[in-house]
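Coordinate inspection notes
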Amino acid sequence: MHRLFALPAEVKLKVAKTEGHDAGYGGFPISHFSPKFSWSEGFAIGSSPVDHAQKLWPDDYSTFCEVIEEYKKAINSLGCRLIHAMLLSLGLSEEELCQTPVGDSSKLKTVMHLNSYPACTNPDRVLGLPPHTDSGCVAIVYHNGISGLQVLRRKDDIAPTRWVMVPTATVPNTFVVNIGDLMHVLSNGRFHNVLHRVTISKTNRLSCAYFFGPQADVKVGPLSKLAGLEQGPLYKPVTWPGLQKMRSDRAGLIKLGPK
Ligand SMILES: O=C(O)CCC(=O)C(=O)O
Ligand SMILES: [Fe+2]
């Protein structure tokens, strides 16, 4: 990641994202959550980093690709186990789990976002990423141990609604798992999609967010077993791209429409 973001701007711009393509160098599509620019750089990797890596390091692109592939393999298996364990914890049987839109591990779609948050002399005046929820099922976030990620904790007996720093600096060598919109929908609201943001400090921060969700054409709605007879499903079925479009069409964080 250091090597990637340390490249000169004109080299990184060779792989800038283009209209209609999610992969490449540039900001992430959460700008509709905030009118401010983000104090960060991003690089999104879809199915394979090879095409982009060849443009960035024509003579030595394989090292980057090998590291990414190795990481993807390990994290894919962790993410699938995590999603399955979460659904089983809600009372689904193994058989019911297989029938869900995320039951077949080989059919999950994944996207990797590499993030760089450069140090800033006026860290209080900028945000690395504006407040947002992740649109997929879960995101596993690797980080370089520098603080910055905050989650919104709702008002409780202890304090009013506030931003809480995720203790990435005090608990090093950890992953952070964010629950996204589609897990919220699938579980009929039992798992909450977490609103989070990234603040900036005086030290460079790097992170790698790895998102898991269903294939683009698969619709996700509340699982019938979890919707319950009385409550009913709280959300309409939606595809991952459909949800992303709904989010970008509206200003602010959308509440998914109840049926
Ligand atoms: O940098 C982080 O810790 C979080 C990144 C994030 O929220 C995202 O890429 O959606
Ligand atoms: Fe996020």
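Residues numbered from 1 in each chain as written. Chains lettered and ligands numbered in written order. Predicted model: local features only at pLDDT ≥ 70, side-chain atom pairs only at ≥ 80, totals over all residues. Heavy atoms only, no water.

**So, the coordination of the iron ion (ligand 2)**
Defined as follows: Water is absent from the atoms considered, so a metal site may look incomplete; donors are defined as N, O and S atoms within 2.8 Å of the metal, or 3.2 Å for Na, K and Ca. Under the DSSP-based scheme used, a helix requires at least four consecutive residues in state H or I and a strand at least two consecutive residues in state E, with every element numbered from the N terminus.
Coordination of the iron ion (ligand 2) by the protein comes from His-132 (NE2), Asp-134 (OD) and His-196 (NE2), over a distance range of 2.1 to 2.2 Å. On the primary sequence, the residues serving as donors to the iron ion (ligand 2) are separated as H-x1-D-x61-H. Of the two residues, Asp-134 sits in the loop between β4 (127-132) and β5 (138-143) while His-196 sits in strand β9 (residues 196-199), which places them 62 residues apart along the sequence.

**Thoughts on the site of ligand 1**
Defined as follows: Throughout, the term near means that a residue has one or more heavy atoms lying within 4 Å of the molecule or strand in question. Between N or O atoms, a polar contact is any pair within 3.5 Å; within protein, one atom must be a potential hydrogen donor and the other a potential acceptor, and residues adjacent in sequence are included only when both atoms are from side chains. Where accessible areas are quoted, they stem from the Shrake-Rupley method and a 1.4 Å probe; at the residue level, only the protein chains shown are allowed to cover.
Taken together, 13 residues are adjacent to ligand 1, and Tyr-117, His-132, His-196, Arg-205 and Ser-207 come closest. At 3.1 Å from an oxygen atom of ligand 1 is found a side-chain nitrogen or oxygen belonging to His-132. Here an oxygen atom of ligand 1 and a side-chain polar atom of Arg-205 are 2.9 Å apart. Calculation on ligand 1 without its partners gives an accessible area of 290 Å², and the protein chains cover 97% of this total. The set of elements that each furnish at least two residues to the shell around ligand 1 consists of β3 (108-117), β4, β9 and β10 (205-214). Examining the composition of the shell around ligand 1, we find that four residues originate from one element, β10, more than from any other.

**So, a nonpolar patch on the surface**
Applied cut-off: Only residues whose relative accessible area exceeds 30% and that form no salt bridge are eligible for patches; like-charged ones are grouped when within 9 Å, while nonpolar side chains (Val, Leu, Ile, Met, Phe, Trp, Tyr) are grouped when within 5 Å. We define a salt bridge as a contact between a side-chain nitrogen of Lys or Arg and a carboxyl oxygen of Asp or Glu at a distance within 4 Å.
On the surface, a cluster of nonpolar side chains totalling about 260 Å² of accessible area is made up of Leu-78, Tyr-142 and Phe-175. Inspection of the secondary structure assignment puts Leu-78 in helix α4 (residues 62-88).

**What to know about the sheet that holds β3**
What counts is decided by this rule: If DSSP finds at least two bridges between two strands, the strands pair. Contacts are assigned to residue pairs with any non-hydrogen atoms lying within 4.5 Å of each other. Axis angles are defined between N-to-C directions and span 0 to 180 degrees, where every axis is a line fitted to C-alpha atoms and, for a helix, only to the segment in contact.
Spatially, β1-β2-β3-β10-β5-β8 is the arrangement adopted by the six strands of the open sheet, whose pairing is antiparallel. Two strands bound the open sheet, and with one partner strand each, they are β1 (24-25) and β8 (175-179). Inspection of the sheet shows β5 paired to β8 by five bridges, in the antiparallel sense. Residue Ala-139 lies in a different strand from β8, and its bridge partner there is Asn-178. Relative to β10, α4 is tilted by about 55°, and along the sheet it contacts β2 (41-45), β3, β5, β8 and β10. Helix α8 (residues 240-249) rests against β3 and β10 of the sheet, and its axis sits at about 120° to β10.

**Quick look at the pairing of strand β6 (residues 149-153)**
This is how the line gets drawn: Each residue's exposure class comes from its accessible area (1.4 Å probe, protein chains only) as a fraction of the maximum for that residue type: buried when under 20%, exposed when over 50%, partly exposed otherwise.
For β6, the tally of buried residues reaches four of five residues, placing the bulk of the element in the interior. Bridge count between β6 and β9: three bridges; the pairing is antiparallel. Paired with Leu-149 across the two strands is Val-198, which belongs to β9. Of the pairings in the sheet, the one linking β6 to strand β7 (residues 162-165) comprises four bridges and is antiparallel in character. By the bridge assignment, Arg-153 is partnered in β7 with Arg-162.

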